[in-house]
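Now for the letters of each chain:
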Amino acid sequence: MKIRIATEEDVNGMANVHINSWKTTYKGILPDQYLSSMNLETKKKNWLRNLKMLHNVTFIAENANGEIIGFAAGGPEQTNDWPIQGEVYAIYFLKEYQRQGLGRKMIKAVIHELMKMEHKNLIIWALKDNPSCGFYRAIGGQVIAEKTVKMAGIELIEVGFGWEDIKDVLLYL
Ligand SMILES: CC(C)(COP(=O)(O)OP(=O)(O)OC[C@H]1O[C@@H](n2cnc3c(N)ncnc32)[C@H](O)[C@@H]1OP(=O)(O)O)[C@@H](O)C(=O)NCCC(=O)NCCS
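Nothing here was measured: the structure is a model prediction, and the numbers come from that model.

1. Section: the UniProt feature "domain: N-acetyltransferase" (unreviewed entry) in the protein chain
Point 1. As recorded in UniProt, the feature "domain: N-acetyltransferase" (unreviewed entry) lies at residues 1–173.
Point 2. Taken as a whole, residues 1–173 contains 31% helix and 31% strand, while its terminal C-alpha atoms sit 17 Å from one another.

2. Section: the sheet that holds strand β7 (residues 154–163)
Point 1. With mixed pairing, seven strands are arranged side by side in an open sheet as β1-β2-β3-β4-β5-β7-β6. The open sheet has two edge strands with one neighbour each: β1 (2–5) and β6 (142–151). Neighbouring strand axes in the sheet, compared pairwise and without regard to direction, differ in orientation by 25 degrees on average.
Point 2. Together, β2 (57–62), β3 (68–76), β4 (86–93) and β6 form the strand contacts of helix α1 (residues 11–25), whose direction differs from that of β3 by roughly 95 degrees.

3. Quick look at the environment of Pro31
Point 1. Along the chain, Pro31 turns up in the loop between α1 and α2 (32–36).
Point 2. For Pro31, a relative accessible area of 28% gives the class partly exposed.
Point 3. Taking the C-alpha atoms as reference points, Pro31 and Trp82, 51 residues apart in sequence, are found 30 Å from one another.
Point 4. Beyond its immediate chain neighbours, meaning those up to four positions away, Pro31 contacts Ala152 and Ile154.

4. What to know about the site of the ligand
Point 1. As a structural note, the neighbourhood of the ligand is formed by 22 residues, with Phe93, Arg99, Gly101, Gly103 and Asn130 the closest of them.
Point 2. Take Phe93: an N or O atom from its main chain is 2.8 Å from an oxygen atom of the ligand.
Point 3. Within the backbone of Arg104, one N or O atom sits 3.0 Å away from an oxygen atom of the ligand.
Point 4. The fraction of the free accessible surface of the ligand (900 Å²) that becomes covered by protein chains is 80%.
Point 5. Of all the secondary structure elements, the ones that give two or more residues to the shell around the ligand are α1, β4, α4 (102–116), β5 (122–127) and α5 (133–138).
Point 6. Here the residues of the shell around the ligand sort into 11 nonpolar, nine polar and two charged.

5. Focus: unusual backbone geometry
Point 1. Located in the positive-phi region is Arg99, a residue other than glycine, with phi close to 60 degrees.
Point 2. With respect to the helices, strands and loops of the structure, Arg99 is situated in the loop between β4 and α4.
Point 3. We classify Arg99 as exposed; its relative accessible area is 85%.
Point 4. Its identity as a non-glycine residue notwithstanding, Ala152 has a phi of 50 degrees, on the positive side.

Each value, and the rule that gives it
- Residues numbered from 1 in each chain as written.
- Predicted model: local features only at pLDDT ≥ 70, side-chain atom pairs only at ≥ 80, totals over all residues.
- Heavy atoms only, no water.
- UniProt positions renumbered as here; feature names shortened; annotations may be inferred.
- Helix = DSSP H or I, 4+ residues; strand = E, 2+ residues; numbered from the N terminus.
- Pairing = 2+ DSSP bridges.
- Axes fitted to C-alpha atoms, helices over the stretch in contact; angles between N-to-C directions.
- Contact = heavy atoms within 4.5 Å.
- Buried < 20%, exposed > 50% of the residue type's maximum accessible area, 1.4 Å probe, protein only.
- Near = heavy atom within 4 Å.
- Polar contact = N/O pair within 3.5 Å; in protein donor to acceptor, adjacent residues only side chain to side chain.
- Areas by Shrake-Rupley, 256 points an atom, 1.4 Å probe, with all protein chains shown as cover.
- Nonpolar A, V, L, I, M, F, W, Y, C, P; charged D, E, K, R; others polar.

Shown next as structure tokens:
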């Protein structure tokens, strides 16, 4: 497996991972109709736009055949509602590549970039019902915030996992 910075040529593979990982991750959490209507072209456009954000960083993971199997993105905390500087916005792998230690490798790459940007602390939001919250706990995250969000027409609870010192994440990787 190789992790590298994403380029515009990667948006098709990223959109594919995005849609397929959402379908498996959020089945039973988000409405089926919403998940089945996710559109590849829309996601490609979103990723093209995201990749142009100068203060963000996006990595992809590819398998031995060069196929994109995961991605992660981070940058400055997005809301200014919390006294936190850095945020991992997203980290998703295809189901068949989960629980093999790739998440730890991917988050390490993002954290190093966030540290280069001089972010001193970190927050990552996840839906409270997402079993992957176990990943954030396993890498030392503590729940420091909770909020209600509206997604796909329903209200859901998100929890914010925080690290007071971003370097502490590295102790768990
Ligand atoms: C969350 C995710 C990025 C983690 O990456 P990963 O490669 O699966 O995680 P790792 O193999 O590096 O796991 C490290 C540790 O985190 C914990 N962990 C990971 N996923 C977990 C889960 N679903 N439930 C409970 N604990 C989990 C475990 O302690 C694991 O160690 P172990 O496998 O030795 O028990 C990946 O599972 C994924 O893409 N999940 C679906 C998408 C998602 O929910 N993304 C986050 C949205 S906020």
